[in-house]
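# Summary of structural features
This is what each chain is made of:
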Amino acid sequence: MLAPSSPLGRTLVAALVLAIGFSGFESTFGLLGRDRVGLTVGSVGLVFAGVGVVLSVVQVVVVKRAVAAWGAVGTARRAVVANLLGFAVLVPATGWWGLVPALVLLTLGQGMLSPSLSTVVSGLAPADRRGAVFGVQQAVAAGGRIVGPLVALGLFGVAVPLPYVAGVVLAVCGLVALGGVRLDAAAA
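Residues numbered from 1 in each chain as written. Predicted model: local features only at pLDDT ≥ 70, side-chain atom pairs only at ≥ 80, totals over all residues. Heavy atoms only, no water.

### Looking at the overall build of the protein
- Assigned secondary structure in the protein consists of five helices and zero strands.
- Counting from the amino terminus, the protein carries its helices and strands in the arrangement α-α-α-α-α.
- Here the C-alpha radius of gyration of the protein, 16 Å, is about what a compact globule of 188 residues would show, namely 16 Å.
- Along the longest, intermediate and shortest principal axes, the C-alpha atoms of the protein span 50 × 30 × 25 Å.
- Here the protein holds 188 residues, and 41% of them are scored as buried. (Helix = DSSP H or I, 4+ residues; strand = E, 2+ residues; numbered from the N terminus. Rg over C-alpha atoms; globule rule 2.2 N^0.38 Å. Buried < 20%, exposed > 50% of the residue type's maximum accessible area, 1.4 Å probe, protein only.)

Encoded structure:
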């Protein structure tokens, strides 16, 4: 059931690598904003407050429509592509013209990703094991949120764009992990 090669295992692998990438972005954004745009601690806080509001709106308004149109797996894949594009735009961003589109893509992607991945996990887990599998999903995501900042801050110290290059690579890995994962119509 949880073998890494199974659809559920691959979905959990995707959850791990995607959590590493996004938490790496979150942990280095203040430094990036300071170095490339001249943001202060207060302005970084305002940006993250805005990101939080947009994430909430995406999860309340967009996800239901996206899942209805594309299914949970299709929504998760599109969310990963949005994150991938957001990281790619962030790599060369040196001002607001690059930063804003990257933030929009990353916020849209992450806002759609979390609920759609949970739906995929729910659809793939046996009914009598869903709680345990959700626990594993939460543990995997928490592990990614621990590893992501450590890796990203180390990469940032080497070169500013490296955490976002890593985000692109991790998003590609997430897409590959989700490749071939399917839910039947009743589970989606």
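### Focus: helix H3 (residues 96-124)
- Here H3 is 29 residues long and its end C-alpha atoms lie 41 Å apart, about the 42 Å a rise of 1.5 Å per residue gives.
- Where H3 bends most, the angle comes to about 25 degrees, and this point is Leu-113, followed within four residues by the proline Pro-115. (Expected span 1.5 Å × (residues − 1). Bend = angle between axes of the 7 residues up to and from the residue.)

### Some remarks on the side chain of Thr-28
- Looking at the secondary structure, you find Thr-28 in helix H1 (residues 7-37).
- Residue classification places Thr-28 among the buried positions, given a relative accessible area of 0%.
- Polar contacts involving the side chain of Thr-28 include one to the side chain of Tyr-164, which spans 2.7 Å. (Polar contact = N/O pair within 3.5 Å; in protein donor to acceptor, adjacent residues only side chain to side chain.)

### Some words on the nonpolar core
- Judged by nonpolar contacts, the single largest core of 21 residues is most densely connected at Leu-18, Val-80, Met-112, Leu-113, Leu-117 and Leu-178.
- Broken down by secondary-structure element, the contributors of at least two residues to this core are H1, helix H2 (41-90), H3 and helix H5 (162-178).
- Element by element, the count of residues in this core is highest for H2, at eight residues.
- Those residues in contact with Leu-178, other than ones at most four positions away along the chain, are Arg-10, Thr-11, Ala-14, Ala-76, Arg-77, Val-80 and Leu-117.
- If you look at the next biggest cluster of nonpolar residues, it comprises 17 residues, including Phe-25, Phe-29, Ala-93 and Leu-99. (Core = buried A, V, L, I, M, F, W, Y, C linked by side-chain atoms within 4.5 Å. Contact = heavy atoms within 4.5 Å.)

### Things to note about the packing of aromatic side chains
- Applying the stated rule across the entire model yields three aromatic pairs.
- Relative to Phe-48, the ring of Phe-29 lies with its centre 5.4 Å away and its plane at 75 degrees, an arrangement referred to as edge-to-face. A residue pair is termed long-range when its members are at least 10 positions apart, and Phe-29 in helix H1 and Phe-48 in helix H2 qualify at 19 residues.
- What makes Phe-48 partly exposed here is its relative accessible area of 29%.
- Clustering of aromatic rings is evident, with ring pairs tying together Phe-22, Phe-25, Phe-29 and Phe-48. (Phe/Tyr/Trp six-rings, centres within 6.5 Å; stacked < 30°, edge-to-face > 60°.)

### Notes on the packing of H2 against H3
- Following both chains from N to C, one finds H2 and H3 inclined at 45 degrees, their axes separated by 6 Å at the closest point. If you check the angle between H2 and H3, you find them oblique. (Axes fitted to C-alpha atoms, helices over the stretch in contact; angles between N-to-C directions. Parallel < 35°, antiparallel > 145°, perpendicular 65-115°, else oblique.)

### Re H2
- Given a rise of 1.5 Å per residue, 50 residues ought to cover 74 Å, yet the end C-alpha atoms of H2 are separated by just 19 Å, more than 12% below that figure.
- Where H2 bends most, the angle comes to about 110 degrees, and this point is Gly-71.

### Some points on a nonpolar patch on the surface
- Together, Val-53, Val-57, Val-60 and Val-61 make up an exposed nonpolar region whose accessible area comes to about 350 Å².
- Mapped onto the elements of the fold, Val-60 is located in helix H2.
- A relative accessible area of 66% means that Val-60 is categorised as exposed. (Patch = residues over 30% accessible without salt bridge, like charges linked within 9 Å, V, L, I, M, F, W, Y side chains within 5 Å. Areas by Shrake-Rupley, 256 points an atom, 1.4 Å probe, with all protein chains shown as cover. Salt bridge = Lys/Arg side-chain N within 4 Å of Asp/Glu carboxyl O.)

### Some points on the confidence of the model for the protein
- Put simply, the protein has an average pLDDT of 92, and 96% of its residues get 70 or more.
- Looking over the protein, one finds the lowest element-wise mean pLDDT in H3, namely 93, and the highest in H5, namely 97. (pLDDT = per-residue confidence, 0-100.)

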